[in-house]
2 protein chains.
Amino acid sequence: MKFDYPESVEQWGILEISLEGRSDGNPFTDYSVTGDFYGKNEVKRAEGFYDGDGIYKVRFMPSFSGEYTFVISGTGFDGTAEGKFEVFPASDKNHGPVRVFNTFHFAYADGTPYYPVGTTCYAWTHQPEETQEKTLRTLEQGYFNKIRFCVFPKHYDFNFADPVTFPYEGTPCDNSGITQENFGSYKPDNPENHWDFTRFCPEHFRSMERRIRQLMDLGIEADIIVMHPYDRWGFSEMSAEDDDRYVHYLIARFAAFRNVWWSLANEYDLMKKSIADWERIASIFCEYDPYCRLRSIHNCHAFYDYTAPWITHCCIQRQDDYKCAELTGEYRARYRKPVVLDEIAYEGNLPHGWGNISGKELVRRFWESAVRGGYAGHGETYFSGGGNIWWSHGGELHGESQERIRFLHSILQKTPGLGLKPVDLHWDGASAAAENGDFYYLIYFGFHRPSYREYDFGPEPYTVEVIDTWEMTSAVLGTFRGKVRIPLPGKEYMALRICRPD
Amino acid sequence: MKFDYPESVEQWGILEISLEGRSDGNPFTDYSVTGDFYGKNEVKRAEGFYDGDGIYKVRFMPSFSGEYTFVISGTGFDGTAEGKFEVFPASDKNHGPVRVFNTFHFAYADGTPYYPVGTTCYAWTHQPEETQEKTLRTLEQGYFNKIRFCVFPKHYDFNFADPVTFPYEGTPCDNSGITQENFGSYKPDNPENHWDFTRFCPEHFRSMERRIRQLMDLGIEADIIVMHPYDRWGFSEMSAEDDDRYVHYLIARFAAFRNVWWSLANEYDLMKKSIADWERIASIFCEYDPYCRLRSIHNCHAFYDYTAPWITHCCIQRQDDYKCAELTGEYRARYRKPVVLDEIAYEGNLPHGWGNISGKELVRRFWESAVRGGYAGHGETYFSGGGNIWWSHGGELHGESQERIRFLHSILQKTPGLGLKPVDLHWDGASAAAENGDFYYLIYFGFHRPSYREYDFGPEPYTVEVIDTWEMTSAVLGTFRGKVRIPLPGKEYMALRICRPD
């Protein structure tokens, strides 16, 4: 058997083994390949995949440094392949995969806290190369450390173009003349899709992998949306057998990237699948993803039951137009998992209510969730009359919220220990304390505009910092004991950070 | 018996009969006076009151024009007094008392719709004359058509001064040195109150009556707060017997003013009274107020049971910091009475969360309740470091909401028939239709900022008006049929009015 692999790899990096095998018949289904990896501290089995042109690949992410050996087995090859490689310690910027830590929070495998501030660009990897590059340049600004995007192309308002690649071999329906104006009545010449769901198009996945790796280099988690209902090509209504084959292929290709998260669906409840279908799909991830990447599922109306054991964190779209981030504490209590509010309306001016709130309102929602020990998500939806919209295409940002979200992240990183928890200090100012019990409070007044607030700190000294969450400024007022009146500017969107003196 | 009264009075005006009687003993308790009034269409009994200096008064509001006769009886007089008077039809500006009409709404007795836009100045009639006059000059601007205020003086943050008059004979505790800064620890030289709860101070009530009459002349309803808990003088903790005597006196003095509403309490649940106490007090109003003035009661935390038969309309303080006006439809469905949200946080910058929202947020709440078929209330609480605050003292307004509230009132007055009801048009834009079934819609987008919205009007023509609720402008876009895209400015606080062409 001819195969190739590197001699060494970084801890939490990707060891990829390429193998030459049979290309007759249908290599995606007729043959299989599996790798067994043996290190001092772990034994893992990873399914491989056919990458076209007679090449099979097996990917593995080692979680420890040191020497590993492997055995590749499968059909479509002559015999087995064996080898060994060295895993060298992670570089400074590589903290490993993100895990749930401290019940409600996240940290990298090396223990570095991870406070998610995510955005959504559903179809960014399906856009022309130039747009994808623009998106990356925007992401380089460090506004976000997570991005949600789809594997399957998207057919939805303001997003009717075919993707640059399709996930399967075949030909799509002809809908090249669809526009936002005519899509309700458009009659294509050729409305039929012709796909072979047993033959993936490796180029589609290779292209995504390139982007996932670039995100990894930027320190951004790739929250992969496995399925979604915004479809004219039939990918949302495949058979269970086709779905399962797709999920296996996805795991084989993507799971070894340490920044991958699995979002089983966007708006699962708009798809023609039963809960049994979702549980079956989830079970494939549980069984075949060797790294137990973070897993969740996103709702339109009804929440999925986030208590399901396979779900690592809530991935919530708001259910109420007026109140959502404010319910973070309730969600924590109910689900006992990290609360990620991945859709709480986007900054923009679309005709749709989910996409037309102000930057101020979106940032307010971010803070409301943060001080309740949860995490909100960003999206931008400025109506551009045919141009790119960040939420779907990526490209450039035009809003006001992203800088304030980055600022919030800088505040969250000051939390002692890992994570904030809601505490009941004020009925009119959501208040957080450090989960680790340190004297550390972050109080957010939101739309309230107090001129001052009084506290009784008792005999110990406390340092008080006033934060203008919109202007992105903070000022230490001083260190106080006993009863104190803290002057505030009587403006919206102010916060207080109260902690022990340095 | 010597008595005096005018020969004629306006319909819904006040016929006042003055009688000379005994002043020995305690005329407030030892003697009584009652009037029986006979008109072609009504027979009414009204209790009178002792007004000091040997003078008793009986007041009566006739609801019909034409000839009336009366008989006054009582103790403390020689025999009875009889007479007759002519009621002439109401003048143009006198529409009679406000009643509940159309289940969820209000109208004057002559059928003119009344859309309440109220404000709160708890202690404005207790302030120095000059301040009271300032308040009236502010009210002359026509921002509001209802004002909530207290009979008893108020002891509360930013409001520690003694009132210009007290409701009872006696001497108050000495708290002249109290300030916002020291009130928690202040020790007066003389902490005791000495009141005779059987002897009212007529001047206190005469002063209020003068203001009630001036409000009437301005077309403003006087929403009288009968009891409240913000007290250092003992008026909130009188015996049941004292309470009942007070209520009888209040009815005898105030009920004949057609613009009086009874609010049994502000924050009833902060007072040391049982539900049985409140029901007993309510029963006195039901039995002795000859005109069945509008009656409600205001909560701090728990709503009173607004289904109680004596309650004519809900008088709600919001229970949730984030969502209240948005629940108007739920309150309508639950209570089947007009929903008046008399406290939904005030425009200002006080340290207290109930008094520091922006004008924009308050106006948003007004519109949210209006398009759901309810009515919000105003208050202004700008911290002034010892100066007047509108919410308590009255005086001048400094905020941004009052003009927008007046503008909203002008829009409500365009409603065909009487009143709006919530309809389910958009999940992201609260929508109202006319209660009377006319094709008339008022759609409010609130914090949503759509660039356009599409409608399908069908074959009939409809006129569409875009309203900027903050800039107080409106523009008719045109008359449309069928499918139409309505351009919108992608700003917050926009509304649409859609109706049949004129």
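Above this text you will find the structure in question.
Read on for an overview of the structure. (Residues numbered from 1 in each chain as written. Chains lettered and ligands numbered in written order. Predicted model: local features only at pLDDT ≥ 70, side-chain atom pairs only at ≥ 80, totals over all residues. Heavy atoms only, no water.)

### Some thoughts on the overall build of chain A
For chain A, the helix and strand inventory stands at nine helices and 32 strands. Over its C-alpha atoms chain A spans a radius of gyration of 24 Å, differing by no more than 12% from the 23 Å that the globule rule assigns to 502 residues. When the backbone C-alpha atoms are referred to their principal axes, chain A occupies close to 80 × 60 × 40 Å. Relative to its 502 residues, chain A shows a buried fraction of 62%. The contacts in chain A between residues at least 6 apart in sequence include a share of 69% that link residues at least 24 apart. Carbon and sulfur atoms make up 47% of the accessible area of chain A, which amounts to about 18500 Å² in all. Charge centroids of chain A, computed over 52 positive and 73 negative side chains, lie 5 Å from each other. (Helix = DSSP H or I, 4+ residues; strand = E, 2+ residues; numbered from the N terminus. Rg over C-alpha atoms; globule rule 2.2 N^0.38 Å. Buried < 20%, exposed > 50% of the residue type's maximum accessible area, 1.4 Å probe, protein only. Contact = heavy atoms within 4.5 Å. Areas by Shrake-Rupley, 256 points an atom, 1.4 Å probe, with all protein chains shown as cover. Lys, Arg positive; Asp, Glu negative; His and termini not counted. Charge placed at Lys NZ, Arg CZ, Asp CG, Glu CD.)

### Here's the deal with the interface of chain A and chain B
The partner chain B presents 40 residues to the 40 residues of chain A that form the contact. Counting the surface lost from both chain A and chain B, the interface buries some 3100 Å², and carbon and sulfur atoms represent 48% of this. The three residues of chain A that bury the most area against chain B are Tyr322(A), Phe447(A) and Arg449(A), which together make up 24% of that side's buried surface. Inspection of the region where chain A meets chain B yields four salt bridges. (Buried area = accessible area lost by both parts, 1.4 Å probe. Salt bridge = Lys/Arg side-chain N within 4 Å of Asp/Glu carboxyl O.)

### Observations regarding the packing of helix 2 (residues 129-139) of chain B against helix 3 (residues 202-217) of chain B
All names here are of chain B. At a minimum axis separation of 11 Å, helix 2 and helix 3 run at an interaxial angle of 15°. Judged by the inter-axis angle, helix 2 sits roughly parallel to helix 3. Between helix 2 and helix 3 lies a crossing of right-handed hand. Contact residues: Glu-129, Gln-132, Glu-133, Leu-136 and Leu-139 in helix 2; Arg-210, Arg-211, Gln-214 and Leu-215 in helix 3. When grouped by side-chain class, the residues that make up the contact of helix 2 with helix 3 number three nonpolar, two polar and four charged. (Axes fitted to C-alpha atoms, helices over the stretch in contact; angles between N-to-C directions. Parallel < 35°, antiparallel > 145°, perpendicular 65-115°, else oblique. Left-handed = near helix turned anticlockwise from the far one by under 90°. Nonpolar A, V, L, I, M, F, W, Y, C, P; charged D, E, K, R; others polar.)

### Focus: the packing of aromatic side chains
Residue and element names in this part refer to chain A. In the structure shown here, the tally under the stated rule is 128 aromatic pairs over all chains. Centre to centre, the rings of Phe-439 and Tyr-441 are 4.9 Å apart; their planes meet at 85°, and the pair counts as edge-to-face. The class of Tyr-441 is partly exposed, set by a relative accessible area of 22%. If you follow Arg-485 out to its NZ or CZ, it ends over the ring of Tyr-452, 3.7 Å from the centre. (Phe/Tyr/Trp six-rings, centres within 6.5 Å; stacked < 30°, edge-to-face > 60°. Lys NZ or Arg CZ within 6 Å of the ring centre and 35° of its normal.)

### What about the relation of the copies chain A and chain B?
Each copy superposes on the other: chain A lies on chain B with an RMSD of 0.0 Å after a rotation of 180° and an axial shift of 0.0 Å. The operation mapping one copy onto its partner corresponds to a two-fold rotation axis. Interface overlap between copies is the fraction of interface residues in one copy that are interface residues in the other; for chain A against chain B it reaches 100%, indicating a shared surface. (Least-squares fit on C-alpha atoms with pLDDT ≥ 70 in both.)

### Some remarks on the environment of Ile178(A)
Residue and element names in this part refer to chain A. Topologically, Ile-178 is positioned in the loop between strand 15 (168-171) and strand 16 (194-200). Take Ile-178: its relative accessible area is 12%, and that puts it in the buried class. Not counting residues up to four positions away in its chain, the partners in contact with Ile-178 are His-155, Phe-160, Phe-183, Tyr-186 and Arg-232.

### Side note on the sheet that holds strand 32 (residues 494-499) of chain A
Residues and elements named next belong to chain A. Read from one edge to the other, the open sheet built from six strands follows the order 25-26-27-32-29-30, with strand pairing classed as antiparallel. The strands lining the two open edges of the sheet, one partner per strand, are strand 25 (420-426) and strand 30 (473-480). The mean angle between the axes of side-by-side strands here comes to 25°, regardless of whether they run parallel or antiparallel. When strand 26 (residues 429-434) meets strand 27 (residues 440-444), the two strands line up antiparallel, connected through four bridges. Bridge pairing links Ala-433 to Tyr-441 in strand 27. Sheet contacts for helix 7 (residues 359-370): strand 25, strand 26, strand 27, strand 29 (462-468) and strand 32; angle to strand 27, the most-contacted strand, approximately 145°. Sheet strands touched by helix 9 (residues 401-412): strand 25, strand 27, strand 29, strand 30 and strand 32. Its angle to strand 29, the strand with the most contacts, is close to 170°. (Pairing = 2+ DSSP bridges.)

### Some thoughts on the packing of helix 7 of chain A against helix 9 of chain A
Residue and element names in this part refer to chain A. Interaxial distance between helix 7 and helix 9 falls to 9 Å at its minimum, and their mutual angle equals 20°. Taken together, the axis directions place helix 7 and helix 9 in an arrangement best described as roughly parallel. Seen along the crossing, helix 7 lies across helix 9 with a hand that is right-handed. Contacts from Gly-359, Leu-362, Val-363, Phe-366, Trp-367 and Ala-370 of helix 7 reach helix 9 at Ser-401, Arg-404, Ile-405, Leu-408, Ile-411 and Leu-412. A per-class count over the contact of helix 7 with helix 9 returns nine nonpolar, two polar and one charged.

### Details of the state of the cysteines
For the coordinates displayed, the defined rule picks out zero disulfides over all chains. Between Cys150(A), a free cysteine, and Cys121(A), which holds the nearest cysteine sulfur, the sulfur-to-sulfur gap is 11 Å. (Disulfide = S-S within 2.5 Å.)

### Notes on the sheet that holds strand 11 (residues 105-108) of chain B
Residues and elements named next belong to chain B. Strands sit in the order 10-11-12 across an open sheet of three strands; the sheet is antiparallel. At either margin of the open sheet sits one strand with a lone partner, and together these are strand 10 (98-101) and strand 12 (113-114). Where strand 10 and strand 11 come together, four bridges link them in antiparallel fashion. The residue bridging Phe-101 from the neighbouring strand is His-105, located in strand 11.

### Some words on unusual backbone geometry
Of note in this structure, Phe158(A) is not a glycine but carries a positive phi near 65°. By relative accessible area, Phe158(A) is classed as buried at 12%.

Any functional reading would require information beyond the geometric quantities listed.
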